[in-house]
Amino acid sequence: MRYVSTRGEAPSLDFAEVTLAGLASDGGLYVPEEWPQFSLDEIAAMRGLPYAELAARVMEPFVGDSLTPERLRALTAKAYGRFAHKAVTPLVQLDEQHWVLELFHGPTLAFKDVALQMLGLLFEEFLGREEGSLTIVGATSGDTGSAAIDAVAGLDNVEIFMLHPKGRVSDVQRRQMTTVRAPNVHNIAIDGSFDDAQAMVKRIFADGDVTAKHRIGAVNSINWARLMAQVVYYFAASLQLGGPERKLAFSVPTGNFGDVFAGHVAARMGLPIERLIVATNVNDILHRALGQGDYSAGTVTPTAAPSMDIQVSSNFERLLFDVGGRNGAAMAEQMRGFEADKAMRLTNAQREGAAALFTSARADEGDTSQAMRWAYEQCGEMLDPHTAIGLHAAREAAIDSDVPVVTLATAHPAKFPDAVERATGLRPPLPSRVGDLFAREESFIELPGTYEAVRDHIMERAS
Ligand SMILES: Cc1ncc(COP(=O)(O)O)c(C=O)c1O
Ligand SMILES: N[C@@H](CCOP(=O)(O)O)C(=O)O
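Remember, it's a predicted structure, so these values are computed and weren't measured experimentally.

Engineer: Account for the layout of surface pockets, naming residues and giving values.
Structural biologist: The computed volume of the largest pocket comes to approximately 870 Å³. Forming the boundary of the largest pocket are 38 residues, of which Gln 198, Ala 199, Lys 202, Arg 203 and Glu 339 lie nearest the centre. Going through the elements one at a time, helix 8 (194–205), helix 13 (316–323) and helix 14 (328–341) are the ones with two or more residues in the lining of the largest pocket. With eight residues, helix 8 is the largest single contributor of residues to the lining of the largest pocket. For the second largest pocket, the calculated volume is near 260 Å³. Lining the second largest pocket are 18 residues, and of these Ser 170, Asp 171, Phe 416, Pro 417 and Asp 418 sit closest to its centre. Within the residue set of the lining of the second largest pocket, elements represented by two or more residues are helix 7 (171–178) and helix 18 (417–424). Looking at the lining of the second largest pocket residue by residue, the class counts come to eleven nonpolar, two polar and five charged.

Engineer: Break down the packing of helix 6 (residues 143–152) against helix 7 for me, citing the residues and quoting the values.
Structural biologist: One way to put it is that helix 6 packs onto helix 7 with a least axis distance of 8 Å and a crossing angle of 25°. Relative to helix 7, the element helix 6 is oriented roughly parallel. Regarding helix 6 and helix 7, the two cross each other, and that crossing is left-handed. Across from Asp 143, Gly 145, Ser 146 and Ile 149 in helix 6, the residues of helix 7 making contact are Gln 173, Gln 176 and Met 177. When the residues that make up the contact of helix 6 with helix 7 are grouped by side-chain class, the tally is two nonpolar, four polar and one charged.

Engineer: Go over the site of ligand 2 with me, naming the residues and quoting the values.
Structural biologist: The environment of ligand 2 is made up of 13 residues, and the closest members are Thr 140, Asp 143, Thr 144, Ser 221 and Asn 256. Within the side chain of Ser 221, one N or O atom sits 2.5 Å away from an oxygen atom of ligand 2. Separating a nitrogen atom of ligand 2 from a backbone N or O atom of Ser 307 is a distance of 2.9 Å. Contact with the protein chains hides 95% of the accessible area of ligand 2, taken as 340 Å² for the molecule alone.

Engineer: An account of the UniProt feature "domain: Tryptophan synthase beta chain-like PALP" (unreviewed entry) in the protein is needed here, citing residue identities and associated values.
Structural biologist: The UniProt entry lists residues 87–344 under the feature "domain: Tryptophan synthase beta chain-like PALP" (unreviewed entry), expressed in the numbering used here. Helix and strand shares over residues 87–344 are 43% and 19% respectively, and the end C-alpha atoms of the span are 42 Å apart.

Engineer: How would you summarise the site of ligand 1 if you had to cite specific residues and measurements?
Structural biologist: Taken together, 15 residues lie near ligand 1, and Lys 112, Asp 143, Gly 255, Asn 256 and Thr 410 sit nearest. Lys 112 is positioned such that a nitrogen or oxygen atom in its side chain is 2.4 Å from an oxygen atom of ligand 1. Phe 257 has a polar backbone atom sitting 2.9 Å from an oxygen atom of ligand 1. The protein chains hide 97% of the 380 Å² of surface that ligand 1 would expose on its own. When atom positions are compared with the pocket grids, ligand 1 is found to occupy the largest cavity. Of the residues in the shell around ligand 1, the class split is five nonpolar, seven polar and three charged.

Engineer: Break down the packing of aromatic side chains for me, with residues and values.
Structural biologist: Going through the model one piece at a time under the given rule, you end up with 15 aromatic pairs. Taken together, a centroid distance of 6.4 Å and an interplanar angle of 50° make the contact between Tyr 3 and Phe 15 tilted. Here the residue Tyr 3 occupies a position in strand 1 (residues 3–5), and Phe 15 occupies one in helix 1 (residues 15–21), the gap between them amounting to twelve residues. Tyr 3 gets classed as buried once you look at its relative accessible area, which sits at 0%. Take Phe 15: its relative accessible area is 1%, and that puts it in the buried class. With centroids separated by 5.6 Å and ring planes inclined at 50°, the aromatic side chains of Tyr 80 and Phe 83 adopt a geometry described as tilted.

Engineer: Just give me the short version of the confidence of the model for the protein, but keep the residues and values in it.
Structural biologist: Taken as a whole, the protein shows an average pLDDT of 97; of its residues, 100% reach a score of 70 or greater. Here the complex is predicted with pTM 0.97, and the ipTM for its interfaces comes to 0.99.

Cut-offs used in this document
As a convention, each chain's residues are numbered from 1 in the sequence order in which they are written. Numbering of ligands from 1 and lettering of chains from A proceed in the order in which they are written. Whole-chain, interface and lining totals are the exception, using all residues; otherwise, since this is a predicted model, local features are given only for residues with pLDDT of at least 70 and side-chain atom pairs are given and counted only at 80 or more. Each side-chain value is worked out from all heavy atoms of the structure, with water and hydrogens disregarded. Within this scheme a cavity is a closed region of a 1 Å grid, computed over the protein atoms alone, that accommodates a 1.4 Å probe without allowing it to escape, whereas a pocket is open but has protein on both sides within 12 Å along at least five of seven lines; lining residues each have an atom within 4 Å of a point. Grid points are joined across faces, edges and corners, and a volume is the space filled by probe spheres set on the points. Here a strand is any run of E in DSSP of at least two residues, a helix any run of H or I of at least four, and the numbering for each starts at the N terminus. Under the scheme applied, nonpolar residues are Ala, Val, Leu, Ile, Met, Phe, Trp, Tyr, Cys and Pro; charged residues are Asp, Glu, Lys and Arg; polar residues are all the others, including Gly. Note on method: axes are straight lines fitted to C-alpha atoms, helices fitted across the in-contact stretch only, with angles between N-to-C directions ranging 0 to 180 degrees. Should an angle fall under 35 degrees it is taken as roughly parallel, and over 145 as roughly antiparallel, whereas 65 to 115 is taken as roughly perpendicular and any remaining angle as oblique. Left-handed describes a crossing whose near helix is turned anticlockwise from the far helix by less than a right angle; the clockwise case is right-handed. A contact between two residues is defined here by any heavy atoms of the two lying within 4.5 Å. A single heavy atom is enough: if one lies within 4 Å of a molecule or strand, its residue is considered near that molecule or strand. Whenever two N or O atoms come within 3.5 Å, that pair is a polar contact, provided that in protein one can donate a hydrogen and the other can accept it, and provided that, for residues adjacent in sequence, both atoms are side-chain atoms. The protein chains shown are the only cover counted for residues, whose accessible areas, like all others here, come from Shrake-Rupley with a 1.4 Å probe. UniProt positions are given in the numbering used here, feature names are shortened, and annotations may be inferred rather than shown by experiment. Molecules are considered to sit inside a cavity or pocket once more than half of their atoms lie within 2 Å of its grid points. Only rings of Phe, Tyr and Trp enter the pairing, Trp through its six-membered ring, and a pair is recorded when the two centres are within 6.5 Å. The plane angle decides the type: under 30 degrees is stacked, over 60 is edge-to-face, the rest tilted. Burial status follows relative accessibility: with a 1.4 Å probe on protein chains alone, a residue under 20% of its type maximum counts as buried, one over 50% as exposed, and anything between as partly exposed. Confidence scores here are pLDDT values: one per residue, from the predictor, ranging 0 to 100.

Following this line, the structure appears as structure tokens:
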């Protein structure tokens, strides 16, 4: 399997190379040159497999000859062995039509663990082969940060610098990052938004002064391996609810468009999916883009779902490339326009290509609270605000009543206790696996939201 950049200029890479490279050298994102296909019979044969084996089957065509089948299985067994639920991503039924897919049973209580536990092992595996090292620079609106830190803390050949927007993540999210004491972990709180942090990360990859000294790596969904691992749970959910013979719709709380893009990949691979519902909060650039073709970023509004307070949605580029004719030169030009103006129009091909599978809905703060209340009072389920946005969108979307609608439960409610308590009157307790989070000492540095301040800090500290 080879990977090509959405902007057409960077060299094509194999899986091991793409995992270590992160962002393409032309500023684009890597995607597989072609989508691997499973027949319906091949998908049906995966029914009943343990999650780690299912993961290996789904990942195998993407990994190609970068890992032997035995080695891939050893890694999936280790990655998913750390989850607190035997099913790894269990389904819970809410009513006749609605289900939630609980993706928060990993060590840091959000869906990011499903991919990052695997990515940490892949880094170790591929770096070990060449005795290389990696300086990871990541941006987080709250959940990627802790999941990535958990996955790489203590590794000898990996160092991680994680940027979060100061004051814009929950206390639990911040502490899950800043209380990890390992010499290779560096937390940075910047003045600004997640979008500012993500832009700095992408700029670092293109900064010759930095890359001359350090091999920069990515843990964000910039990194193809993240998305590959997220494809697996679409198969897992479908197989449990009658797939592949029966189609499902998925509602996905969306910010950076990685999770829902993984659903698009599952559909490209042959998994029958009726609809992918892109659920946004009031930071609704994706809702406007999918509805009206208007991809224009405003300022970010802080909400009760801070991990989705994103206006520049990195992986949308992958979708536009894939449904818009896979023309790297045209994509590069379109993205240059967006980078200059913070706005662009989708082409007709992009709009029509996306509309074939995607719909969207937007939840304001009232809708989010109401969805949390509905789930708790009517179904006895406590949801976090991000999942509640997904559930709101799932109930708004006009999906035929005989099609099950699965909302991705992207975080444990205990990560956002204030918002959950405001909506339901109950404060969710932290699961014991996060330990004495509020007793541990925090360590992070605060920096102004300028690229130079962040780059200089990384250059001074990186070994
Ligand atoms: C809890 C939670 N829900 C939803 C999202 C949005 O996911 P994505 O960025 O893949 O669209 C995020 C952040 O990525 C998140 O942390
Ligand atoms: N919501 C995310 C934002 C980063 O998204 P990623 O999927 O690109 O890592 C977070 O929690 O940090």
